[in-house]
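An overview of the molecular structure
Below are the chains, spelled out letter by letter.
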Amino acid sequence: MKIVKKIAIALLVILIAMQFYRPEKNIAEGDYVAAFEAETQPSPEVKQILKTACYDCHSANTEYPWYNNIAPVSYWLADHIEDGKGHLNFSDWENYDMEKKDHKLEEVVEEVKRGSMPLNEYTWTHGDAKLSEEQIRALVAWADGARANY
C-alpha cells in the first residue's frame, strides 16, 4: 500500500508542476489566412465553414477553449495543432508551389468526403464544427473549383 501512495503523490506533484510549464500557444497577429482566401476565393459560406471547422488546427491561429489552461490537456491540444499544421497550414499557403496547392485541396476534398475531417475529437467539443451534408457539398464544390486554377 505504501508504494501505491508514493506513486500517487509523485503523479500529483508531476501534474501540479505541469501547470507551470505549458506549451507555446498557436496565436498569430493580423490576417493569418489572407493569402489563402485571396487566392482560392471561398464564398462567405465556405469562409465560415473553414473558420469554424478548419482554421483552429490548420492555420497560425487557434481559438483556445478554457480547458486548454489545464495540463495535460494543453499538451494534447498543442500536439494536435502541430500535427494538423504539419499536414496542411492555410497560413503558409503562399509558400506552397502550385502542385502542392492542388494536392492539398485534393486532400481536403478526400478527407471531408470521407468524414475524417474535422476530427471527431474536435467536433465533440466544437459541435458547430460538425459538417452537415450541405456544408460538405459546399466545401467540396469550392475546393474542386479552386483546384482548377492549379
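All figures in this text were calculated on a predicted structure; none of them were measured in a lab.

1. Points about the packing of aromatic side chains
When we look at a pair of aromatic rings, we describe it by the centre distance and by the angle of the planes. What the rule picks out here adds up to eight aromatic pairs. Residues Phe36 and Phe90 carry aromatic rings whose centres are separated by 4.4 Å and whose planes lie at 45° to one another, so their mutual orientation is tilted. Linking Phe36 in helix H2 (residues 34–40) with Phe90 in the loop between helix H5 (73–87) and helix H6 (98–114), this pair joins segments that are 54 residues apart in sequence. Residue Phe36 is classed as buried on the basis of its relative accessible area, which comes to 0%.

2. Observations regarding H6
Along an α-helix, residues three or four positions apart point the same way, because every turn accommodates 3.6 residues. For H6, spanning 17 residues, the distance from its first C-alpha to its last is 24 Å, which sits close to the expected 24 Å at 1.5 Å a residue. Within H6 the residues assigned to the buried category are Lys101, Lys104, Leu105, Val108, Val109 and Val112. Seen along its axis, H6 keeps its buried residues to an arc of 140°; they face one direction. Among the exposed residues of H6, those oriented more than 90 degrees off its buried face are Glu99, Lys113 and Arg114. In this fold, the buried residues of H6 make contact with H2, H5 and helix H8 (133–147). After H6 finishes, the residue Gly115 shows a positive phi value of roughly 85°.

3. A word on the state of the cysteines
Under the defined criterion, the tally for this structure stands at zero disulfides. The closest cysteine sulfur to the non-disulfide-bonded Cys57 is located on Cys54, 9.2 Å from its own sulfur.

4. Quick look at the side chain of Ser59
Note on placement: Ser59 falls in the loop between helix H4 (55–58) and H5. Among the polar contacts made by the side chain of Ser59, one reaches the main-chain carbonyl oxygen of Tyr55 at a distance of 2.6 Å. Of the polar contacts made by the side chain of Ser59, one reaches the backbone oxygen of Asn61; its length is 3.1 Å. Not counting residues up to four positions away in its chain, the partners in contact with Ser59 are Asn26, Tyr32, Val33, Lys85, Asn89, Phe90 and Ser91.

5. Quick look at the nonpolar core
Within soluble globular proteins, side chains that are nonpolar tend to cluster in buried spots. Counting residues in each nonpolar core, the largest one holds 28 residues, and the members touching the most others are Phe36, Leu50, Phe90, Val112, Leu131, Leu139 and Trp142. Mapped by element, the contributors of at least two residues to this core are helix H3 (44–53), H4, H6 and H8. It is H8 that contributes the most residues to this core, seven residues altogether. Aside from chain neighbours lying at most four places away, what touches Phe90 is Tyr32, Val33, Phe36, Leu50, Cys54, Tyr55, His58 and Ser59.

6. Side note on the environment of His58
Residue position: His58 is located in helix H4. Between the alpha carbons of His58 and Phe90 there is a distance of 6.0 Å; along the sequence they are 32 residues apart. The contact partners of His58, leaving out residues within four places of it in the chain, are Gly84, Lys85, Leu88, Asn89, Phe90, Ser91 and Met117. Side-chain polar atoms of His58 contact the backbone oxygen of Leu88, separated by 2.9 Å.

Thresholds applied
Residues numbered from 1 in each chain as written. Predicted model: local features only at pLDDT ≥ 70, side-chain atom pairs only at ≥ 80, totals over all residues. Heavy atoms only, no water. Phe/Tyr/Trp six-rings, centres within 6.5 Å; stacked < 30°, edge-to-face > 60°. Helix = DSSP H or I, 4+ residues; strand = E, 2+ residues; numbered from the N terminus. Buried < 20%, exposed > 50% of the residue type's maximum accessible area, 1.4 Å probe, protein only. Expected span 1.5 Å × (residues − 1). Arc of directions from axis to C-beta. Contact = heavy atoms within 4.5 Å. Disulfide = S-S within 2.5 Å. Polar contact = N/O pair within 3.5 Å; in protein donor to acceptor, adjacent residues only side chain to side chain. Core = buried A, V, L, I, M, F, W, Y, C linked by side-chain atoms within 4.5 Å.

These results come straight from atomic positions and should not be treated as a statement about function.
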